Every structure is written in C-alpha cells, then in structure tokens.
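Architecture at a glance
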Amino acid sequence: MFRITNLLISFVVLALIFSFSYFHSFSDDSSFNNMYELGPDTSALSDSGDDDDDDDDDDDDGPNEKNSDPFILYSFYDLRDRETYVQVTNVGTINQVMHVQIFNVDNDCIENNFFDVYTPGDTHIYNIRDILTNDGNPSGVIVPDNSYGAVIISTVTAAGGVIEIDSPIVGNVRMVDDLGYEYRTNIPGKSAASIQVPPLNPIPGGRTYTFNYNTEEGVILSDIFGITPTQDFPGSPEVQMSDPTAANNLLGVDIYNLTEVPFSCRDVLFACIDQDNPRLQETLEEEGAAVASFEYGINEAIPSSKGAPILCPSNVNSDGIVTMNQIDRDGGGNFIVYVGLNNGNGRGSIDSIWGPNRFIMPVQ
C-alpha cells in the first residue's frame, strides 16, 4: 500500500513538472503572445490590405453598394408672396462639397445648380431670393420672383464629382409669407444608414403615405408639395426632376372621416409640373392620370393656399385622415411629401412624409 501511494505521488510530481515545462515553452511562442497579449486590442488597426479589399468587395454587392447611397436633402421653396430659407449643416468630421440643385416648377422645372464647400460643423442659410454661397459670395443662381419648386442638396467628392456619403448633413426649411405666417420643419433625406428604406427595398404592391388634418383653430388652407426625383446610381451626382414623364409618382387618394368611413377620391400624379407646362397633357396621357401637379390642396373644406389642384374634389370633410397609396408600376422613384396647414393669418403647422407607413394597409 505504501509503495502504491509513493508511486502515485511520483506520477503527480512528474505531471506537474512536465506541464510547467510545456507551458513555459509555449509561452515563448509568438502565437501565444498574439492570442493573449495584454493591453488594448489592436487587431482592427493591423488588418491586412487584403481584408480591406474583401470588405470593399462585399460592399459592391447589390443596390446597397455604399457609393450609391448618398446623403441627400430634399426641400421645397416658395417665393409667391413668401420668403424661403434653407439651412444646411455639415455634421461630419471632414470638409464636404455640396451640390445644390434648384428646380423651378414655374419655368418647366428647369434646373439651376452650383457647388459649395463646408468645413466640419459648418452651417449656412440659403436665402432663396438672394442665394449666397457658404463663403458669402454670389452663387450665380438667380431664382425668379413668384417661382416655386424643389431644392435638393447632395454631398459629392468634388465639383462635378461622384456622389460621396462619408460626411452626413442635416437641414431645415423656413418659409414666411407677407402676412407673417411661417412654415418651418426639418428637411428629410436619404443617408447611408437608410439601406432598408425604400426606394432601395420597395414594399411589394407599392407604399402607403398617410397624414391627418383638421380645421381646429381656424385652419382653412393647405399646401401639399410632392418631390419625386430620379437618380442615376451608382456614382452620378445628378438628381433629375425636369422630365415629368420620367420623374413622377402616381398615387390613389382616399379620405377617411372621424368615424373611419372612407371617401374614395381619385388618382393623382405628383410631378415637377404645373398647369401651364406644355408637357402637362403628354404627362397625363403617359401615366393615365386625371391630374398632375407639384402641389395640391386637401379637399373643398381645406383647399390649397395658392389655388393648386386638390386631392379630393367634392369632399367636404373638415377633419379626417388622408391615405395616398402608391400605385405599383414601372417608373417612379423616391418620394418626399410636405404637408402644411394654416389659417391664412399666422397659425398652422407643417410636416414631412418621407417613408412608407407600414401600419396602414392600402385600400383594395
């Protein structure tokens, strides 16, 4: 028994000695140091160039490739007895070149554009009636009195260069009319973080845009602006709106009253076009719509403040909800809607719709 016990003890001692020697030998190996090195992890800083190339290859797959998803702000402007101010801020950490495009609906949606430079954290306000660049110089763009339309601002690599997404931008729009009434809201846009937001991944059967309205506090007027741009991805810095047969969205409109009873309206076409545009009839025939416009009013109870067509003729509901169901068809593109309500004398509100309402089912 004593011999067996001594033998077991000897085996244990030998095992301990062998384990220590192996551990000491392994700890001198560089692979162990790489696996268990003390201090901060620097593996992300020492990735090989091959890994970076692999990442770029992954980014090139599909429509969400990073160079095709820019930071773009979609705003509108109105100089018909109004002043419009568009503010932009570079919230990124690098110098950024902005491509500013202004589409004048009142003049066949002709585009005017210029480039501007922003340093990190830089902010600037464009007075649309007298547009100066960020450094205080004339932009070279003069927008006529009584014009209205869209202002689209994209980040690009250089003047005339490809679209760039590394530096995010934010903005807001402010409009003041001659009576002192003010519209003010943040500018919606598309950014690199929006890879799951249409139009990159459209919902089958189209999208449904919704907003509510009422005549509380004397609201009697409405302004609904629809911005429908098209873009040539990847890489192109140009946003197109001038061709109403190519840049438009056809939507079926319905209104629900406060007891949720629907009132079927009509199909309307949002395009950068007005009733004096020589291409209006061509556009209507191309899309099979009854009316095409850049702006609308809601209904007979709350018409447009500028006499534009209304979404729902003969409807007189003063309170309710509007649903605009995008009709699934070829063509069309991104769609931004601004909805403003006012009493014509300084009171009201404005908001924007720039994505689908996933909780409202389209009316069949």
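Here is a short report on the structure shown in this document.

The rules behind each value
Residues numbered from 1 in each chain as written. Predicted model: local features only at pLDDT ≥ 70, side-chain atom pairs only at ≥ 80, totals over all residues. Heavy atoms only, no water. Disulfide = S-S within 2.5 Å. Helix = DSSP H or I, 4+ residues; strand = E, 2+ residues; numbered from the N terminus. Buried < 20%, exposed > 50% of the residue type's maximum accessible area, 1.4 Å probe, protein only. Pairing = 2+ DSSP bridges. Axes fitted to C-alpha atoms, helices over the stretch in contact; angles between N-to-C directions. Contact = heavy atoms within 4.5 Å. Arc of directions from axis to C-beta.

1. Re the state of the cysteines
If you walk through the whole model with that rule in mind, you get 2 disulfides. In this model, Cys109 is linked to Cys272 through a disulfide, with the two sulfur atoms separated by 2.0 Å. Because the sign of the S-S torsion sets the handedness, a value of about 90° for the bond joining Cys109 and Cys272 places this disulfide among the right-handed ones. Taken together, the residues Cys109 in the loop between β3 (96-104) and β4 (110-118) and Cys272 in the loop between β15 (262-271) and α4 (280-287) connect sequence positions 163 residues apart. The disulfide partner of Cys265 is Cys312, and the S-S distance across this bridge is 1.8 Å. Handedness of the Cys265-Cys312 disulfide follows from its S-S torsion of about -80°: it is left-handed. Remark: Cys312 occurs in strand β18 (residues 310-312) and Cys265 occurs in strand β15; sequence separation between them is 47 residues. Of the two residues, Cys265 and Cys312, neither departs from the other in class, the shared state being buried. What connects to what in the protein, once the bonded cysteines are numbered by sequence position, is 1-3, 2-4.

2. Description of the sheet that holds strand β8 (residues 182-186)
On the basis of which strands lie adjacent, the open sheet formed by 4 strands has the order β5-β2-β7-β8 and antiparallel pairing. Looking at the sheet topology across the chains shown, the edges are occupied by β5 (123-127) and β8. The average undirected angle you get between the axes of adjacent strands in this sheet is 15°. Sheet topology note: the strand β2 (residues 82-90)/strand β7 (residues 169-177) ladder contains 9 bridges and is antiparallel. Residue Thr89 lies in a different strand from β7, and its bridge partner there is Val170.

3. As for the pairing of strand β11 (residues 221-227)
The side chains of a regular strand alternate, residue by residue, between the two faces of the sheet. The buried fraction of β11 is high, at 6 of 7 residues. Taken together, the 7 bridges between β11 and strand β20 (residues 336-342) define a ladder with antiparallel strand orientation. Following the sheet pairing, Gly226 is matched in β20 by Val337. Bridge count between β11 and strand β17 (residues 295-299): 2 bridges; the pairing is antiparallel.

4. Side note on the side chain of Arg82
Along the chain, the position of Arg82 falls in strand β2. Residue class for Arg82 comes out buried when judged on its relative accessible area of 4%. Discounting chain neighbours no more than four positions away, the residues touching Arg82 are Arg129, Met175, Val176, Asp177, Tyr183, Asp223, Ser305 and Lys306.

5. Brief notes about the environment of Ala308
On the secondary structure map, Ala308 appears in the loop between β17 and β18. Sequence spacing of Ala308 and Ser293 is 15 residues, and the spatial spacing of their C-alpha atoms is 7.9 Å. In this structure, Ala308 is in contact with Glu295 and Tyr296, ignoring residues within four places of it in sequence.

6. Side note on α4
All of the buried residues along α4 are Leu280, Thr283, Leu284 and Glu287. Viewed end-on, α4 has its buried residues packed into an arc of 100°, placing them on one side of the element. For α4, the exposed residues set more than 90 degrees away from the buried face come down to Glu285 and Glu286. Those residues of α4 hidden inside the fold are in contact with β14 (248-256), β15 and β16 (292-293).

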